[in-house]
Amino acid sequence: GIQVEQSPPDLILQEGANSTLRCNFSDSVNNLQWFHQNPWGQLINLFYIPSGTKQNGRLSATTVATERYSLLYISSSQTTDSGVYFCAVDRGNDMRFGAGTRLTVKP
Amino acid sequence: KAGVTQTPRYLIKTRGQQVTLSCSPISGHRSVSWYQQTPGQGLQFLFEYFSETQRNKGNFPGRFSGRQFSNSRSEMNVSTLELGDSALYLCASSYGMRRTGIFYNEQFFGPGTRLTVL
C-alpha cells in the first residue's frame, strides 16, 4: 500500500512564527487532504489538494504530484493553531494517513 | 448542510461484549468510510461502503464488520471485544464517485466515538 511520511513529527513555535509541514507519499494518488485534529479528536478539513496550490487565510498548501510531496504552510501562527496536523492520501477509497505533525504554539 | 454525525460519542464495554456504532453521512454523500485511531497505530482504514456495498476493506480481523442502509447511514459492529479495541472510531463521508469525469473523493469526518474496553 501507499506509504505516507510526515515531517517533522513535532514542532514548537512562538506565536507569530511561520512554519512548513511536509508530507511525502510513495505512489501516485487521486486524493490528498490536510486535516487538523482538535483536542476533542475531530478531524477538521483544511485542504483537498491532489495537485496545485491553495490558500485559505493564514494557511496555504502546495502539492507537487509528480514528485510525490505536499507542503502545508502556516503563517503568523496563533495558539489556536496547536494540535496535530495530518496528511492523508488515497488512490481509490481507502485513505491512508501519515503519523501526523504535533504543533505547539506558545504565547 | 448538516455535517457527519456519530452516535454514541462515548462508550464503555467489557471484554467479550459486542458494540455497534452508528454514522449518518452528509446529505447527498453515498460513501461512508470507517477508521480506527489509537496512540500506537495511528489512523487506520477499516472499510468503506458505497450504495450499501462494501467497496474497500482494510487489514482488520473479521470481528470488525459494517453495513450501510439505503439512506446511506452506516453502522459498524465489533464482536468479542478485546482490550486493544479501545480507540477513537471515526466515520467519514464523501461523494465517492466521479463528477464531471474526475474522481472526487474529499472526505468529511464526524466527531468520532470513543470506545473504552475494560
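What you see is a predicted model, and the numbers here were worked out from it, not measured in a lab.

*Asks:* Describe the sheet that holds strand β3 (residues 19–25) of chain A, naming the residues involved and giving the relevant values.
*Replies:* All names here are of chain A. Sheet architecture is open: five strands sit in the order β1-β3-β8-β7-β6, paired in antiparallel fashion. Edge strands, defined here as strands with exactly one partner in the open sheet, are β1 (4–7) and β6 (52–56). Recorded for the sheet is a direction-independent mean angle of 15° between the axes of neighbouring strands. Sheet analysis places strand β7 (residues 59–64) next to strand β8 (residues 69–74), joined by six bridges and oriented antiparallel. Bridging across to β8, Leu59 finds its partner in Ile74.

*Asks:* Outline the sheet that holds strand β1 (residues 5–7) of chain B, supporting the account with residue identities and numerical values.
*Replies:* All names here are of chain B. With antiparallel pairing, the four strands of this open sheet are ordered in space as β1-β3-β8-β7. The open sheet has two edge strands with one neighbour each: β1 and β7 (64–68). Within the sheet, the average angular offset between the axes of one strand and its neighbour, ignoring direction, is 20°. For strand β3 (residues 19–24) and strand β8 (residues 74–78), the ladder comprises five bridges, and the chain directions are antiparallel. Its bridge partner being in β8, Ser22 is matched across the sheet by Glu75.

*Asks:* Tell me what's going on with the pattern of salt bridges, and back it up with residues and numbers.
*Replies:* Residues and elements named next belong to chain B. Throughout the structure, instances matching the rule amount to seven salt bridges over all chains. The partner of Arg63 in a salt bridge is Asp85, with the nearest N and O atoms 2.8 Å apart. Placement of the pair is Arg63 in the loop between β6 (53–57) and β7 and Asp85 in the loop between β8 and β9 (87–94), with a sequence separation of 22 residues. The pair Arg63 / Asp85 is uniform in exposure class, with both members buried. Salt bridges linked by common partners bring Arg63, Glu82 and Asp85 together as one network.

*Asks:* Describe the pairing of strand β13 (residues 113–117) of chain B, with residues and values.
*Replies:* Residues and elements named next belong to chain B. The side-chain alternation of β13 yields one buried face, formed by Thr113, Leu115 and Val117, and one unburied face, formed by Arg114 and Thr116. Pairing analysis gives four bridges linking strand β2 (residues 10–13) to β13, with the strands arranged parallel. Paired with Ile12 across the strands is Thr116, a residue of β13. Relative to β13, β9 is paired through three bridges, and the arrangement is antiparallel. For Leu88, the partnering residue across the bridge sits in β13 and is Arg114.

*Asks:* Explain the interface of chain A and chain B to me, and be specific about the residues and the numbers.
*Replies:* Taken together, the contacts link 18 residues of chain A with 21 residues of chain B. If you look at where chain A meets chain B, you find zero salt bridges. Counting the contacts that link chain A with chain B gives seven residue pairs in polar contact (both at pLDDT 80 or more). Of all the elements in the fold, those that place two or more residues in the side of chain A that touches chain B are β4 (31–37), β5 (43–48) and β9 (83–90) of chain A. If you tally residues by element for the side of chain A that touches chain B, the top one is β4(A), at four residues. By residue class, the composition of the side of chain A that touches chain B is seven nonpolar, nine polar and two charged.

The rules behind the values
Residues numbered from 1 in each chain as written. Chains lettered and ligands numbered in written order. Predicted model: local features only at pLDDT ≥ 70, side-chain atom pairs only at ≥ 80, totals over all residues. Heavy atoms only, no water. Pairing = 2+ DSSP bridges. Helix = DSSP H or I, 4+ residues; strand = E, 2+ residues; numbered from the N terminus. Axes fitted to C-alpha atoms, helices over the stretch in contact; angles between N-to-C directions. Salt bridge = Lys/Arg side-chain N within 4 Å of Asp/Glu carboxyl O. Buried < 20%, exposed > 50% of the residue type's maximum accessible area, 1.4 Å probe, protein only. Contact = heavy atoms within 4.5 Å. Polar contact = N/O pair within 3.5 Å; in protein donor to acceptor, adjacent residues only side chain to side chain. Nonpolar A, V, L, I, M, F, W, Y, C, P; charged D, E, K, R; others polar.

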